[in-house]
Amino acid sequence: MKALLIWLDGFFVLPYRLVAEPVAAYLLGTATLALLAAVAGVCTLNLALRMHGKRLEKYQNAMQHYNQLGETALQGGSKETFKAVNRQGHEAFGYYFSLSGALFVASLWPVPLTLAWMQLRFGEVSPVLPFSLPLFGNKPGMVFWFLILYIPLRMLSTRIWRRLRPGRPAPQLHA
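Everything in this summary refers to the structure shown in the same document. Sequence order as written defines the numbering, with residues in each chain counted from 1. Local features in this predicted model are restricted to residues of pLDDT 70 or higher, and side-chain atom pairs are both shown and tallied only at a pLDDT of 80 or more, whereas totals for entire chains, interfaces and linings draw on every residue. Hydrogens are left out, water is left out, and the side-chain values use all remaining heavy atoms of the structure.

### Side note on helix α1 (residues 2–12)
Part 1: The classification of residues rests on relative accessible area computed with a 1.4 Å probe and restricted to protein chains. Under 20% of the type maximum is buried, over 50% is exposed, and intermediate values are partly exposed. The secondary structure listing takes helices from DSSP runs of H or I that are at least 4 residues long and strands from runs of E that are at least 2 residues long, numbered from the N terminus. Buried residues of α1: Leu-5, Leu-8, Asp-9 and Phe-12, and no others. Buried residues in α1, looked at end-on, bunch into an arc of 135 degrees, giving them a common side. Set apart from the buried face of α1 by more than 90 degrees, the exposed residues are Ala-3, Ile-6 and Trp-7.
Part 2: Looking at the buried positions of α1, the neighbouring elements they touch are α2 (22–76) and α4 (110–122). It is the directions from the helix axis to the C-beta atoms that the arc portrays. Any pair of residues with heavy atoms lying within 4.5 Å of one another is described as a contacting pair.

This is the structure in structure tokens:
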């Protein structure tokens, strides 16, 4: 793993060298890496959704089917039928939820890679804030800076991806 991180160092360090002022360079470089990690995650998620979209759709259709059957059973007054159908609906939901969660988690693979590189390159170096944050103090650390940049960039890159592909939308993960 260390050999991979050393090989990636030449690419990952480039945005940190664009600005001479150290704090601005740190924030610009970290924002660039966060954006790259977000885009790689979104691309991974969409690829995984393309690969497993039919299975997700099958589970979603099964959930809707069992929901309709359960409502019909309740209207008919058959409690035993409702319980049996509801059990099958819960099973379909469990499969759908598990697969959706696994696909999302798989899209987070760039985050630990990027943080490992940042730890190797910067260690404990972090910009100092002029004020103190609860739980973090005035020197929050690289994970704080990365995540505070990554989360909004991930949300933004997901929205942009959806708008760029209106003709061929990837299957959506539904709650």
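From this point, the discussion proceeds with the structure in view.
### What to know about a nonpolar patch on the surface
Part 1: Judged by side-chain polarity, Met-1, Leu-4, Trp-7 and Phe-11 come together as a nonpolar surface patch covering roughly 500 Å² of accessible area.
Part 2: Turning to its location among the elements, Trp-7 is positioned in helix α1. Candidates for patches are residues over 30% relative accessible area with no salt bridge; among them, like charges are joined within 9 Å and nonpolar side chains (Val, Leu, Ile, Met, Phe, Trp, Tyr) within 5 Å. Using a 1.4 Å probe, the Shrake-Rupley method yields the accessible areas, and only the shown protein chains count as cover for residues. In the sections that follow, a salt bridge refers to a side-chain nitrogen of Lys or Arg positioned within 4 Å of a carboxyl oxygen of Asp or Glu.

### Some thoughts on the environment of Phe-146
Part 1: Mapping Phe-146 onto the fold places it in helix α5 (residues 142–164).
Part 2: Placed 49 residues apart in sequence, Phe-146 and Phe-97 show a C-alpha to C-alpha distance of 28 Å.
Part 3: The contacts of Phe-146, once residues within four sequence positions are left out, are Thr-30, Leu-33, Ala-34, Ala-37, Val-111, Thr-114, Leu-115 and Met-118.

### Here we look at unusual backbone geometry
Part 1: Here the phi dihedral of Leu-135 falls at roughly 75 degrees; this positive angle occurs in a residue that is not glycine.
Part 2: The residue Leu-135 is located in the loop between α4 and α5 in this model.
Part 3: Owing to a relative accessible area of 89%, Leu-135 belongs among the exposed residues under this scheme.

### With respect to α4
Part 1: Helices are assigned an expected span. That span is 1.5 Å times one less than the residue count. With 13 residues, α4 ought to run about 18 Å at 1.5 Å a step, and its terminal C-alpha atoms sit 18 Å apart, in line with that.
Part 2: Of the positions making up α4, those classed as buried are Pro-110, Val-111, Leu-113, Thr-114, Leu-115, Trp-117, Met-118 and Phe-122.

### A short note on the pattern of salt bridges
Part 1: Taken as a whole, this structure holds one salt bridge when the rule is applied.
Part 2: Between Arg-121 and Asp-9 there is a salt bridge, with the nearest N and O atoms lying 3.1 Å from each other. Taken together, the positions of Arg-121 in helix α4 and Asp-9 in helix α1 put the pair 112 residues apart, joining distant regions of the chain.

### Digging into the nonpolar core
Part 1: In this text, buried Ala, Val, Leu, Ile, Met, Phe, Trp, Tyr and Cys residues form a nonpolar core when linked through side-chain atoms within 4.5 Å. Ranked by internal contacts, the top residues of the largest apolar core, which has 23 residues, are Tyr-16, Tyr-26, Trp-117, Met-118, Phe-146 and Tyr-150.
Part 2: Elements supplying a minimum of two residues to this core: α1, α2, α4 and α5.
Part 3: In contact with Tyr-150, other than residues within four places in its own chain, are Ala-34, Ala-37, Ala-38, Leu-108 and Val-111.
Part 4: Residues Leu-49, Met-63, Tyr-96 and Leu-103 belong to the second largest nonpolar core, which totals 10 residues.

Shape is all these values report; function is a separate question.
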